[in-house]
Amino acid sequence: MRGQLKSMDDEDEPPQSLLAGGPRRPVIAIDGPAGAGKSTLAAHLARQFGFLNIETGAMYRALALKAIEGDVSFDEEGPLLALAQATRITLEPQMDGNRVRLDGMEVSQRIRDADVTSAASRISIHPQVRAWMVEQQRALGAEGGVVMEGRDIGTAVFPDAEVKIFLDAAPEVRGSRRFRQALPHEQTTARQTESRQAPEPENAEQQRACEQAIVDEMRERDRRDRNRAESPLRPAQDAVLLDSTAMQLEEVLARAEEIVRAHLPHTESGPA
Ligand code: DC
């Protein structure tokens, strides 16, 4: 598999100069659990500072979709790695998220479905799959000028990132935000929310049950992400922790901008 940004020629390997460790523009790493608001924050910072926004979770999701379609077990590392090596994942950064292609097919919406969400979490525990992903992600961000979002960006992918933010929130708050985003009338952006097929609940009781199901699924994913042996979800030692449990979105964005400016005093605001 090769993870690629659209701006790279589909048939070319990343240029050697990008892989050689030369000077690069800054990297902003955003990590945290599902539903904390990482994608919204990453898209905002990318727009604000003229960086490219890279959603690494979309790469795990795309590989998980390929495993589902090819009937490859989520528990067997060897076949999953072989599958990865034969797959091409392309991320196309947009104003509001990444458009995702799997072997040339547009899968941006399909990868948000609940079956893919769960499979992505399961395939991501395998060390060799992670090592492959990390290699791809380092190549994508090698020039810098990126806001990279995921679970292990500040700890494993770019441990030398200039800015590291760990965005967290209480599980109930994350679950209820996800539930609201999953309602059909809320889905308007390129970065469609996961669990898309959640039906519009008809009454308050159904609504509570739907919300509870999302919170339960999120806890299960959190447990897997935080407890896996390889690169478990945890803040890097030098990450700034941002707990958005009691914050409005605007406050989170403003606080994150302050953090970026404090770490990158010479970075101008405004589109690239
Ligand atoms: O961010 P997301 O919900 O789209 O990620 C989907 C899954 O991929 C998540 O449950 C764990 C995995 N993931 C990971 O292990 N490391 C990353 N950097 C990004 C995602």
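Before reading on, note that the structure itself is shown above.
Residue numbers run consecutively from 1 along every chain, following the written order of its sequence. Per-residue local features of the predicted model are confined to residues with pLDDT of at least 70, and side-chain atom pairs are confined, for both listing and counting, to 80 or more; whole-chain, interface and lining totals are unaffected and use all residues. Side-chain numbers here rest on the full set of heavy atoms in the structure, without hydrogens or water.

1. What to know about the sheet that holds strand 9 (residues 240–243)
At step 1: Spatially, 3-7-2-8-9 is the arrangement adopted by the 5 strands of the open sheet, whose pairing is parallel. The open sheet has two edge strands, strand 3 (52–55) and strand 9, and neither has a second partner. Neighbour-to-neighbour, the strand axes of this sheet turn through a mean angle of 20°, independent of strand direction.
At step 2: Whether two strands pair depends on DSSP finding at least two bridges between them. Helix and strand labels come from DSSP, where a helix needs a run of H or I of at least four residues and a strand needs a run of E of at least two; each type is numbered from the N terminus. Note: strand 8 (residues 163–168) against strand 9, 4 bridges, orientation parallel. Helix axes use the C-alpha atoms of the stretch in contact, all axes being lines fitted to C-alpha atoms, and the angles between their N-to-C directions lie in the range 0 to 180 degrees.

2. Section: the site of the ligand
At step 1: We call a residue near a molecule or strand whenever a single non-hydrogen atom of that residue lies within 4 Å of it. Around the ligand there are 15 residues in total, and R61, R130, R151, D152 and R228 lie nearest to it.
At step 2: Counted as a polar contact is a pair of N or O atoms within 3.5 Å, where, for protein atoms, one must be capable of donating a hydrogen and the other of accepting one, and residues adjacent in sequence contribute only when both atoms are in side chains. Within the contact set of the ligand, a nitrogen atom lies 2.9 Å away from a side-chain nitrogen or oxygen of D152.
At step 3: Taken by itself the ligand offers 450 Å² of open surface, and the protein chains cover 99% of this.
At step 4: Of all the secondary structure elements, the ones that give two or more residues to the shell around the ligand are helix 3 (56–69), helix 5 (114–123) and helix 9 (204–227).
At step 5: With 4 residues, helix 3 is the largest single contributor of residues to the shell around the ligand.
At step 6: Across the shell around the ligand, the residue classes tally to 2 nonpolar, 5 polar and 8 charged. Note on areas: Shrake-Rupley with a 1.4 Å probe; residue coverage comes only from the protein chains shown. Residues are sorted three ways: Asp, Glu, Lys and Arg are charged, Ala, Val, Leu, Ile, Met, Phe, Trp, Tyr, Cys and Pro are nonpolar, and all the rest, Gly among them, are polar.

3. Observations concerning the pattern of salt bridges
At step 1: Salt bridge criterion: a side-chain nitrogen from Lys or Arg within 4 Å of a carboxyl oxygen from Asp or Glu. The full count for this structure, using the stated rule, is 20 salt bridges.
At step 2: Of the charged contacts in the structure, one is a salt bridge between R219 and E172, with a shortest N-O distance of 2.6 Å. Of the two residues, R219 is situated in helix 9 and E172 in helix 8 (residues 171–182); the sequence distance between them amounts to 47 residues.
At step 3: A salt bridge links R255 to E258; the nearest nitrogen and oxygen atoms lie 3.1 Å apart. Highlighted residues: R255 and E258, both in helix 10 (residues 249–263), separated by 3 residues, approximately one helical turn.
At step 4: Residue classification places E258 among the partly exposed positions, given a relative accessible area of 47%.
At step 5: Connected through salt bridges with shared partners, the residues R24, D160 and E162 form a single ionic network. Think of it in three bands: with a 1.4 Å probe and only protein chains considered, a residue is buried below 20% of the maximum accessible area for its type, exposed above 50%, and partly exposed in between.

4. A word on the nonpolar core
At step 1: Working definition of a nonpolar core: buried Ala, Val, Leu, Ile, Met, Phe, Trp, Tyr and Cys residues. They are joined through side-chain atoms within 4.5 Å. In this structure, L63, I89, L91, V100 and I111 are the most contacted members of the largest nonpolar core, which totals 36 residues.
At step 2: Considering each element in turn, this core owes the most residues, 8 residues, to helix 3.
At step 3: Note on contacts: a residue pair qualifies if any of its non-hydrogen atoms lie within 4.5 Å across the two residues. The residues touching V100, leaving out its near neighbours within four places in the chain, are A58, A62, I89, T90, L91, M105, E106, V107, S108 and I111.
At step 4: Counting residues in hydrophobic clusters, the runner-up holds 20 residues, among them I30, A46, V147 and L167.

5. Observations concerning helix 4 (residues 77–85)
Think of an α-helix as turning once every 3.6 residues; residues three or four places apart then point the same way.
At step 1: For helix 4, every residue scored as buried is listed here: L80, L81, L83 and A84. Here the buried residues of helix 4 occupy an arc of 160° about the axis, which is enough to place them on one side.
At step 2: Summarising the contacts, the buried residues of helix 4 are in contact with helix 3, helix 5 and helix 6 (127–140). Relevant arc is that of directions from the helix axis to the C-beta atoms, nothing else.

6. Observations concerning helix 9
At step 1: When the terminal C-alpha atoms of helix 9 are compared, their 34 Å separation across 24 residues agrees well with the 34 Å that a helix rising 1.5 Å per residue should span.
At step 2: Within helix 9 the residues assigned to the buried category are C210, I214, V215, M218, R221, D222, R224 and D225. Helix span, as expected, comes to 1.5 Å for every residue beyond the first.

7. Quick look at the pairing of strand 2 (residues 27–31)
Two faces make up the sheet, and in a regular strand the side chains alternate between them.
At step 1: When you tally the buried positions in strand 2, you get 5 out of 5 residues, the bulk of the element.
At step 2: Here strand 2 shows a buried face lined by V27, A29 and D31 and a second buried face lined by I28 and I30.
At step 3: Sheet topology note: the strand 2/strand 7 (residues 146–150) ladder contains 5 bridges and is parallel. Paired with V27 across the strands is V146, a residue of strand 7.

8. As for the packing of helix 3 against helix 4
At step 1: At a closest axis distance of 10 Å, the pairing of helix 3 and helix 4 adopts a crossing angle of 110°. For the element pair helix 3 / helix 4, the angle class is roughly perpendicular. Judged by the twist between their axes, the crossing of helix 3 over helix 4 is right-handed. Along the contact surface, helix 3 presents L63, K66 and A67, while helix 4 presents L80, L83 and A84. Roughly parallel means an angle under 35 degrees; roughly antiparallel, over 145; roughly perpendicular, 65 to 115; everything else is oblique. Helix crossings are classified by the rotation of the near helix relative to the far one: an anticlockwise turn of less than a right angle makes the crossing left-handed, while a clockwise turn makes it right-handed.

9. Quick look at the packing of helix 4 against helix 6
At step 1: Running from N to C, helix 4 and helix 6 cross one another at 20°; their axes reach a closest spacing of 8 Å. In terms of orientation, helix 4 and helix 6 fall into the roughly parallel class. Along the contact surface, helix 4 presents E77, L80, L81, A84 and Q85, while helix 6 presents P127, Q128, V129 and W132.

10. A few points about the environment of L264
At step 1: Tracing the backbone through its elements, the reader meets L264 in the segment after helix 10.
At step 2: Residue classification places L264 among the buried positions, given a relative accessible area of 8%.
At step 3: C-alpha separation for the pair L264 and E162, spaced 102 residues apart in sequence, amounts to 7.6 Å.
At step 4: Look past the residues within four positions of L264 in its chain and what remains in contact with it is P26, I28, E162 and V163.

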